[in-house]
Amino acid sequence: ELIQTLEVSKSVTPDMDADAIGGSVSVKSVSAFDHNQQTTSSVTVQGGYADLREQYNPKLAGSMTHQFSTTLGVAAALSWFDWDFGSDNIESNGDDELEQRHYTINRERLGAAVNLDWRPDFNHQYYLRTLYSEFSDDEYRQAAIYTFDEEDSGIERETKDRYETQSIATVTVGGEHQLNLW
């Protein structure tokens, strides 16, 4: 909902940084001028179910664009996703140790964008792009470790509880101009 297109270049082109050693991926955010209609809107409601953890996983998203005139437009998008999942597994070193693990994980994402475009004529365009993204990862792990070594055999228990967040906010202002043959 926040991205209109992805452009992939497998090799360096003249408009890219000269120090690049390979291709690039260019992320194009949504613009009001990507659509032929004056006003567009979209709403997405999705859901899933994780049997192993008996959890529902909702996703909500929406976007809208509006062209105030043939030269000025705005686009906005919002996306939220909450995913609960996990695993139960057994790992072994193939010799004398067996580890039984139980994972419970929650990942939540929130993203929002508001973009303004002003195109006074065919040869000149200006834009303002904003993006806010927040991601959280909450992992809880329990483990039981069984060691089989004759007299030194034993059982250990481990618990891991980790919570991480990351947020990004960006504002980009720019323009493109075509001057004569340039």
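The preceding data block contains the structure.
Remember, it's a predicted structure, so these values are computed and weren't measured experimentally. (Residues numbered from 1 in each chain as written. Predicted model: local features only at pLDDT ≥ 70, side-chain atom pairs only at ≥ 80, totals over all residues. Heavy atoms only, no water.)

A. Region of interest: the pattern of salt bridges. Considering all chains together, one arrives at 10 salt bridges under this definition. Among the ionic pairs, Glu91 bridges to Arg101, the shortest N-O distance being 3.5 Å. Here Glu91, found in strand β5 (residues 72–92), pairs with Arg101, found in strand β6 (residues 97–121); they are 10 residues apart in sequence, far enough to count as distant. Taken together, the shared-partner salt bridges in this structure form one network comprising Arg107, Asp137, Glu139, Lys160, Arg162 and Glu164. (Salt bridge = Lys/Arg side-chain N within 4 Å of Asp/Glu carboxyl O. Helix = DSSP H or I, 4+ residues; strand = E, 2+ residues; numbered from the N terminus.)

B. Inspection of the sheet that holds strand β8 (residues 154–177) at higher detail. The sheet built from 6 strands is open, its strands ordered β3-β4-β5-β6-β7-β8 with antiparallel pairing. Where the open sheet ends on each side, the last strands, each with one partner, are β3 (39–50) and β8. Strand-to-strand, the axes of this sheet are offset by a mean angle of 10 degrees, without reference to chain direction. With 12 bridges joining them, β3 and strand β4 (residues 55–67) adopt antiparallel strand pairing. Bridge pairing links Gly47 to Pro58 in β4. (Pairing = 2+ DSSP bridges. Axes fitted to C-alpha atoms, helices over the stretch in contact; angles between N-to-C directions.)

C. Local environment of the environment of Glu134. Within the element layout of this structure, Glu134 appears in strand β7 (residues 124–147). What makes Glu134 partly exposed here is its relative accessible area of 37%. Note: C-alpha distance between Glu134 and Thr39 (95 residues apart in sequence) is 28 Å. Once residues lying within four places of it in the same chain are set aside, the contact partners of Glu134 are Glu108, Arg109, Leu110, Gln166 and Ser167. (Buried < 20%, exposed > 50% of the residue type's maximum accessible area, 1.4 Å probe, protein only. Contact = heavy atoms within 4.5 Å.)

D. Spatial organisation of the side chain of Ser31. With respect to the helices and strands, the residue Ser31 is situated in the loop between β2 (24–29) and β3. Taking the relative accessible area as the measure of exposure, Ser31 reaches 2% and is therefore buried. Here the side chain of Ser31 touches Asp117 through a polar contact of 2.9 Å, side chain to side chain. Ser31 has contacts with Thr65, Ala75, Asp117, Arg119 and Arg129, leaving out every residue within four places of it along the chain. (Polar contact = N/O pair within 3.5 Å; in protein donor to acceptor, adjacent residues only side chain to side chain.)

E. Molecular detail of a nonpolar patch on the surface. On the surface, a cluster of nonpolar side chains totalling about 490 Å² of accessible area is made up of Ile3, Leu6, Val8, Val25 and Val27. Secondary-structure elements contributing two or more residues to the nonpolar patch are β1 (3–9) and β2. In terms of residues, the nonpolar patch owes the most to one element, β1, which gives 3 residues. For Leu6, the location among the structural elements is in strand β1. (Patch = residues over 30% accessible without salt bridge, like charges linked within 9 Å, V, L, I, M, F, W, Y side chains within 5 Å. Areas by Shrake-Rupley, 256 points an atom, 1.4 Å probe, with all protein chains shown as cover.)

F. Geometry of a negative patch on the surface. A cluster of acidic side chains, namely Asp95, Asp149, Glu150, Glu151 and Asp152, defines a negative patch on the protein surface. For Asp95, a relative accessible area of 67% translates into the label exposed. (Lys, Arg positive; Asp, Glu negative; His and termini not counted. Charge placed at Lys NZ, Arg CZ, Asp CG, Glu CD.)

G. Highlighting unusual backbone geometry. Positive phi, normally seen in glycine, also occurs at Glu54, with a value near 50 degrees. For Glu54, the position within the fold is in the loop between β3 and β4. Here the phi dihedral of Glu150 falls at roughly 45 degrees; this positive angle occurs in a residue that is not glycine. Mapped onto the elements of the fold, Glu150 is located in the loop between β7 and β8. In this structure Glu150 comes out as exposed when scored by relative accessible area, which is 77%.

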